[in-house]
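# Per-entry structural report
Single-letter residue listing:
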Amino acid sequence: GDTTRQRIKFSDDRVCKSHLLNCCPHDVLSGTRMDLGECLKVHDLALRADYEIASKDQDFFFELDAMDHLQSFIADCDRRTEVAKKRLAETQEEISAEVAAKAERVHELNEEIGKLLAKVEQLGADGNVEESQKVMDEVEKARVKKREAEEVYRNSMPASSFQQQKLRVCEVCSAYLGLHDNDRRLADHFGGKLHLGFIEIREKLEELRRIVADKQEKRNQERLKRREEREREEREKLRRSRSRDHRRHRSRSASRERKRRTRSKSREKRHCHRSRSTSRSRSRSHHRSRHSSRERSRERSSKKRSSKERSSRDKERSRDRDRTSRDKDRSSRERSPRDFKDKKRSYESANGRSEEPRSSEEREAGEI
């Protein structure tokens, strides 16, 4: 009957991504001394189940949000650890580096004993008695080493300051540990929910960092691959465009060459036509000139002939006149001299001339 489940999905921003990955500090540390209370975002197991089903087919990259959440939480824990260390350094007296190293050895043995005891309890709960017995033997050996380290540490410090150097801060959960804590106390701490919860959170954080790094590397490779494909496609397009431009340039040059050839052919044709026309005109002009020369020669010949005919006609006429004159002379000679004298007198009288005595030779010449 809950209607909110139908109205919200696991991909909503109001849903806690750390809860979907089962690493929310509010769930891990609930019921401990550092209980953080209820998370401000939605926690729902049904949404986690939906996410687990959907993540098989698609990657939602919720690990990045969960990693940021856990990093902020661990950073706060480490900051509290540093503050506790400073507080202890202020309240406790300063000791030499050698004594501090001996005290640190005692703390390390305490931590080892506590972890082994927590492991023994876990093996005993699982029913593995033989393994738990072997771990108890290791615990006894660690206890012997601890007693020896405590004896060395006690001998290196005065009795007045021995009880003051009894606290240290746990690096995992920032809790205080006593230098003289018994085994039960150490087992309760290192096997407790708080310490194990911080270990779980830190391990989950390292796992998320590794997963995010792998996914980022994979995504970078995919981006690089896509970039290479795009560059290859761009190079292919550029090559195609260049080949297309080259073909266009070749076609344009071929068309230009064809046009140039056609122009040259047309020019040659025009030149041939012009030459032919000029030759024709020249031949025509030559023919005309020849014709005109022929006409002129004909005219000249005709003129010559006409002139010859005229000259022949004139000659014939002159001959005829000579003939007629000769005939007249002959006829006049045959006439009587009396008639000639009468005519001469009449002529002279008409011209107003007086007759003068002439010789016979002059008269003959005049008659001729």
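Bear in mind the structure is a predicted one, so any value in this text is a computation, not a measurement. (Residues numbered from 1 in each chain as written. Predicted model: local features only at pLDDT ≥ 70, side-chain atom pairs only at ≥ 80, totals over all residues. Heavy atoms only, no water.)

### With respect to the overall build of the protein chain
The helix and strand inventory of the protein chain stands at 12 helices and two strands. Counted from the first residue to the last, the protein chain has its helices and strands arranged as α-α-α-α-α-α-α-α-β-β-α-α-α-α. Within the protein chain, the proportion of its 368 residues that are buried is 24%. Pairs at least 24 apart in sequence give 71% of the contacts found in the protein chain among residues at least 6 apart. Looking at the protein chain as shown, the accessible area adds up to about 27,900 Å², and 46% of this sits on carbon and sulfur atoms. (Helix = DSSP H or I, 4+ residues; strand = E, 2+ residues; numbered from the N terminus. Buried < 20%, exposed > 50% of the residue type's maximum accessible area, 1.4 Å probe, protein only. Contact = heavy atoms within 4.5 Å. Areas by Shrake-Rupley, 256 points an atom, 1.4 Å probe, with all protein chains shown as cover.)

### Some details on the nonpolar core
Among the nonpolar cores identified, the biggest contains 31 residues, and Leu20, Leu29, Phe198, Ile201 and Leu208 are the most heavily contacted of them. Those elements that provide at least two residues to this core are α4 (45-54), α5 (63-91), α9 (183-190) and α10 (193-334). When neighbours within four sequence positions are excluded, Leu208 is seen to be in contact with Leu21, Cys23, Glu63, Ala66, Met67 and Leu70. With nine residues, the next largest nonpolar core counts Leu116, Leu117, Val120 and Val135 among its residues. (Core = buried A, V, L, I, M, F, W, Y, C linked by side-chain atoms within 4.5 Å.)

### Some words on the pattern of salt bridges
The tally for this structure, following the rule as stated, stands at 11 salt bridges. Lys215 is paired through a salt bridge with Glu63; the nearest N and O atoms lie 2.9 Å apart. Here Glu63 lies in helix α5 and Lys215 lies in helix α10, a separation of 152 residues in the sequence. One salt bridge connects Asp76 with Arg79, and the closest N-O pair in it is separated by 2.1 Å. In this pair, Asp76 and Arg79 are both assigned in helix α5, three residues apart and thus about one turn of the helix distant. Classification of Asp76 by relative accessible area gives partly exposed; the value is 31%. With a relative accessible area of 48%, Arg79 lands in the partly exposed category. Several salt bridges converge on common partners, so that one network encompasses Asp59, Glu63 and Lys215. (Salt bridge = Lys/Arg side-chain N within 4 Å of Asp/Glu carboxyl O.)

### Quick word on α9
Those residues of α9 that sit buried are Leu186, Ala187, His189 and Phe190. With its buried residues spanning 165° around the axis, α9 presents them on a single face. (Arc of directions from axis to C-beta.)

### Brief notes about the environment of Asp78
Mapped onto the elements of the fold, Asp78 is located in helix α5. For the pair formed by Asp78 and Val172, sequence separation is 94 residues and the distance between their alpha carbons is 8.3 Å.

### Section: a positive patch on the surface
A grouping of Arg244, Arg247, Arg248, Arg252, Arg256, Lys259, Arg263, Arg267 and Arg270 is seen on the molecular surface, where their side chains present a positively charged patch. Structurally, the position occupied by Arg256 is in helix α10. (Patch = residues over 30% accessible without salt bridge, like charges linked within 9 Å, V, L, I, M, F, W, Y side chains within 5 Å. Lys, Arg positive; Asp, Glu negative; His and termini not counted. Charge placed at Lys NZ, Arg CZ, Asp CG, Glu CD.)

### Here's the deal with unusual backbone geometry
One non-glycine residue, Phe61, lies in positive phi territory at about 60°. Structurally, Phe61 is set in the loop between α4 and α5. For Phe61, a relative accessible area of 31% puts it in the partly exposed group. Of note in the backbone geometry, Ser174 takes a positive phi value of approximately 60° without being a glycine. Along the chain, the position of Ser174 falls in the loop between β1 (167-169) and β2 (176-178).

### Digging into the state of the cysteines
Counted by the stated rule, this structure contains zero disulfides. Distance from the sulfur of Cys39, which forms no disulfide, to the nearest cysteine sulfur (Cys16) is 4.2 Å. Exposure remark for Cys39: the relative accessible area of 14% places this residue in the buried category. Looking at the unpaired Cys170, the closest cysteine sulfur is the one in Cys173, lying at 3.7 Å. With a relative accessible area of 2%, Cys170 lands in the buried category. (Disulfide = S-S within 2.5 Å.)

### What about the side chain of His195?
You can see His195 is positioned in helix α10. Looking at His195, the relative accessible area reads 2%, which means it is buried. Beyond its immediate stretch of four places on either side in the chain, His195 contacts Cys170, Val172, Cys173, His189 and Phe190.

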